[in-house]
Each structure stands twice: as C-alpha cells, then as structure tokens.
Amino acid sequence: MLEGVYSLTVSGTGNNNFIPMRAGEEADFLSWYLPRRRGPMKVMIRYFNKIYSTGCSVREKPGGKFTVLSASVGYGAMVSRNPEVEIPLTFGGDPSVTVTDGYSSDWIYVNIPDNAWLSVRLRVRAEEELELPSTDESASSGYKNGLRTLNVLRPNFIGCDAGFDRTLVFFGDSITQGTRTATDKYEAWAHRTALALPLSVNVINLGMGWSRAYDAAANGLFLNLAKSGDKVIICFGVNDIKSGGRTGENIIESLRTTARLLRGNKPAVDIIQCTIPPFNMDPWQEEQRQKVNRAVLAGEISPKVFDIASILEAETPGRVRPEYMSDPGDAHPNGLAGEAVAKVLGGLLLKGEL
C-alpha cells in the first residue's frame, strides 16, 4: 500500500485518534514536518479513512464521509501558522475530493529550499456527523483553525519521487512514534536513527501511540502498511501490558504471528525484534515484560534482536533511568534517551551488523 514511493518524512502519522465533527462543519488543519530531502521534486499525499489500531477508538473503525475542500503542500523557514509558500494539491485533476475509504493526491512539483520545513494544509467539511480519524502526535507541530493542538488531521503518508534501494519500517507504539519528546526537535530514537541513514534508504515510521502487538497481529491496515518494508524494526508490548493487561505468553504469540505474516508476504523480509522497553511497571506487569524479553533475547521471535531495554533501563530492573524520562511522572523516553538508543542502533545499521 506504500510500495514504490519514497517517504519524505520520519514522523509517525497513523490514525490513532479521532476528531468529532458535526454535519456541515468545516475545519482547517495545518501540519509541519522536517523533510529528509530538499530541492526540486514531485510530491503527493495519501490518507486512509480508518483507525489503524487500538487507542482512543476501535481498531479498523472506518471514518465517516467528508470532503477535502482544498489541500496544499508548502514550506517555510520556520514552523508557524502561515507557511511562506503553499502549492495547491489536486485529486484526479480536481481541487477537492469527497472521501469515503481514503484518497491519494496527484503529484505536484515542489522546490523545497535548504533548511526549510514542509507543511501540509487540509481544509475539510464533514458531510455527516462523524469521528474524523486523526493523528495524536506530539513530536511535530499541528494546528486546527489556527490554534496549536496535538490531535490533527494529517496525511498518513507524504511521498516524493526520489529513488531508493530498500525500505526500513519502524513498527511500534508511542515510544517509536516519539510521543513526549520535544516538538519539532525530532529527537526520538526512531527519528534520530532515520535521519542518520543514507538517503538511499526509504524510512517509514509506523510508530503510533496506544498501539499494541495484537493490533499488528490482526493483519489489518496497520500490518499491511508495514508489509512495504524490506527491513522491519518491531517494538510493541508496553501498551499490551500496561493498559491491555495481557500476559507475556499472549504478547509472545502476537509477536510471532506478526513476524509470520510479514514473512508470508515477503519471505526475504529482515525482521529486527526489539525487547520491550522499561516503563516503571508494577510487579505483575514487570513479570510479563521480563517473560517477553527472555523470549525475544533467545531469538524466539526473530534471530535478529535489538535490546532497547538494556539501554533505557536503570540498575533497578524495570525502571527507566531518571535522566531518560520525559518528566518525573512520565516514563516515555525523552530526547536524551533517543540519542542514546539511536547511537547504538544507527551504528549497527550503518555497519550492516543488524
């Protein structure tokens, strides 16, 4: 579903939330991104009108009918409410599109200046009372009707026409998405790793807050997007345990199913299974995390393993190193943690050791 098109950004923009809208209501959404490439190129956007995974709504729940009244890709020297340049997008030659299942825009020509930020504006109208599938994303700026907000209608994919020789997919939850890292700094482990890789590597970030291993194993839209990867780095488990109350055995089975489905689609896919990061869990939860991590480290999911937990964990098992927490009450990894993880992971990928 994302095959053959280069991902211009490293942001996690899957639909894990929704925006209630009344029939006839209109809204203007503006989102900003750090592009991996700049200069002259052709660009397009894509959107899937359903919830990807368990979160604020039900996995695979379809969105209602709405119209994109107008859309544009733009840029500016800094993130703001008003991009310096905005270039209209079209859909089959038309400036607007009525959306049921989703949409793909036409290609347009854009010349992104050095050091510029990339923007996408979507002006929409609800054609019925609906819950508009959206992205709850704190690591890059978004606006609704000119006001800064985390929950924004974003394109799920921004593509450009650049060539590449392989695709790397980050497939995980909020820790992979970059939740609770500083806005527009791109300092989460997946962001930092992706931005350090050669441009010949296409990178798609399918990290998404609240998602779980069983969302991946369900073989729906979420996994089908991950199937575009030649290499897939999988990092699920915290939400299965913390909010899902699942046992280690349940999670191991979901991870095995996910790996089996990926290999069934692309037998040569290179799967790197991460250990479950620490998250200051209670004793029962921590026991489940340790069960999964023993299986992962033993190669029961995939022979290739990245032990992210060992980098983030304090001397006390299961506790996040205090300097790596986004704040004293939130165990999400901060930018310092992202730097530590990306230094190890990026080094292994660049040396061909993972």
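Structure: above.
Fair warning: this is a prediction, and the values are worked out from it, not measured in the lab. For every chain, the first residue of the written sequence is number 1, and numbering continues from 1 along that sequence. With pLDDT at 70 or above as the cut-off, local features in this predicted model cover only qualifying residues; side-chain atom pairs require 80 or more to be listed or tallied, and sums for whole chains, interfaces and linings still use all residues. Note: side-chain values were computed over all heavy atoms of the structure, leaving out hydrogens and water.

Visitor: When you look at the overall build of the protein in this model, what are you seeing that I'm missing?
Guide: If you tally the helices and strands in the protein, you get 9 helices and 22 strands. Both definitions apply: the radius of gyration is a C-alpha atom measure, and the globule rule equals 2.2 Å times residues to the power 0.38. The C-alpha atoms of the protein give 19 Å as radius of gyration, which agrees with the globular expectation for 354 residues (20 Å, within 12%). In these tables, accessible area is a Shrake-Rupley quantity obtained with a 1.4 Å probe, and a residue counts as shielded only by the protein chains included in the view. Looking at the protein as shown, the accessible area adds up to about 13400 Å², and 49% of this sits on carbon and sulfur atoms. Taken together, the 38 basic and 40 acidic charged side chains of the protein have centroids lying 2 Å from each other. Numbered from the N terminus, helices here are DSSP runs of H or I no shorter than four residues, and strands are runs of E no shorter than two. Charge counting treats Lys and Arg as positive and Asp and Glu as negative, with His and both chain ends excluded. Charge coordinates come from a single atom per side chain, which is NZ of Lys, CZ of Arg, CG of Asp or CD of Glu.

Visitor: Got a minute to help me understand unusual backbone geometry in this structure?
Guide: Of all residues except glycine, most have a negative phi; of all peptide bonds, most are trans. One non-glycine residue with positive phi stands out, namely Glu60, at about 70°. With respect to the helices and strands, the residue Glu60 is situated in the loop between strand E4 (39-48) and strand E5 (66-76). Residue Tyr186 is not a glycine yet carries a positive backbone phi of 50°. Looking at the element boundaries, Tyr186 is found in the loop between helix H1 (174-177) and helix H2 (189-196).

Visitor: Where do I start with the pattern of salt bridges in this structure?
Guide: A side chain with one charge can pair with a side chain of the opposite charge if their charged atoms come near. Criterion for a salt bridge: a side-chain nitrogen of Lys or Arg within 4 Å of a carboxyl oxygen of Asp or Glu. All chains considered together, the criterion is met by 20 salt bridges. Arg246 serves as the salt-bridge partner of Asp240, at 2.8 Å between the closest nitrogen and oxygen. A residue is classified by how much of its surface remains accessible, and Asp240, at 0% relative accessible area, is buried. Taken together, the shared-partner salt bridges in this structure form one network comprising Asp28, Glu86, Arg121 and Arg123. Burial here depends on accessible area, computed with a 1.4 Å probe over protein chains only, as a share of the maximum for the residue type. Under 20% is buried, over 50% is exposed, and the range in between is partly exposed.

Visitor: Explain the sheet that holds strand E17 (residues 201-207) to me, please; I cannot follow it from the model alone.
Guide: The strands making up a sheet associate through hydrogen bonds between their backbones, and the pairing can be parallel or antiparallel. When DSSP finds two or more bridges between a pair of strands, those strands are recorded as paired. Taken in spatial order, the 5 strands make up an open sheet running E17-E16-E18-E19-E20, and their pairing is parallel. Since the sheet does not close on itself, it has two edges, and those belong to E17 and strand E20 (304-306), each with one partner. Strand-to-strand, the axes of this sheet are offset by a mean angle of 20°, without reference to chain direction. Across 5 bridges, strand E16 (residues 166-172) lies against strand E18 (residues 231-235) in parallel orientation. Counted as the bridge partner of Leu168 is Lys231 from E18. For helices, the fitted axis covers only the stretch in contact; all axes are lines through C-alpha atoms, and the angles between them, taken along N-to-C directions, range from 0 to 180 degrees.

Visitor: I tried to follow the packing of aromatic side chains on my own but got confused; where do I start?
Guide: We describe a pair of aromatic rings using the distance from one ring centre to the other and the angle between the two ring planes. Pairing of aromatic rings covers Phe, Tyr and the six-membered ring of Trp, with a centre-to-centre limit of 6.5 Å; geometry is then stacked below 30 degrees between planes, edge-to-face above 60, and tilted otherwise. On inspection of all chains with the given rule, the structure shows 10 aromatic pairs. A centroid spacing of 5.9 Å and a plane angle of 85° characterise the contact between Tyr47 and Phe66, whose relative ring orientation is edge-to-face. Of this pair, Tyr47 sits in strand E4 while Phe66 is found in strand E5, placing the two residues 19 residues apart along the sequence. An identical accessibility class is assigned to Tyr47 and Phe66; each is buried. Ring plane angle 70° and centroid distance 4.8 Å describe the contact between Phe171 and Phe222, whose orientation is recorded as edge-to-face. Of the two residues, Phe171 is situated in strand E16 and Phe222 in helix H4 (residues 221-226); the sequence distance between them amounts to 51 residues. Neither Phe171 nor Phe222 differs from the other in exposure class; each is buried.

Visitor: I tried to follow the sheet that holds strand E14 (residues 151-152) on my own but got confused; where do I start?
Guide: Taken together, 3 strands build an open sheet; the order of strands is E2-E11-E14 and the sheet is antiparallel. Either end of the sheet is taken by a strand with one partner, and the two such strands are strand E2 (17-21) and E14. Strand direction decides the pairing type here: strand E11 (residues 130-136) and E14, joined by 2 bridges, are antiparallel. The partner of Thr135 across the bridge, within E14, is Val152.

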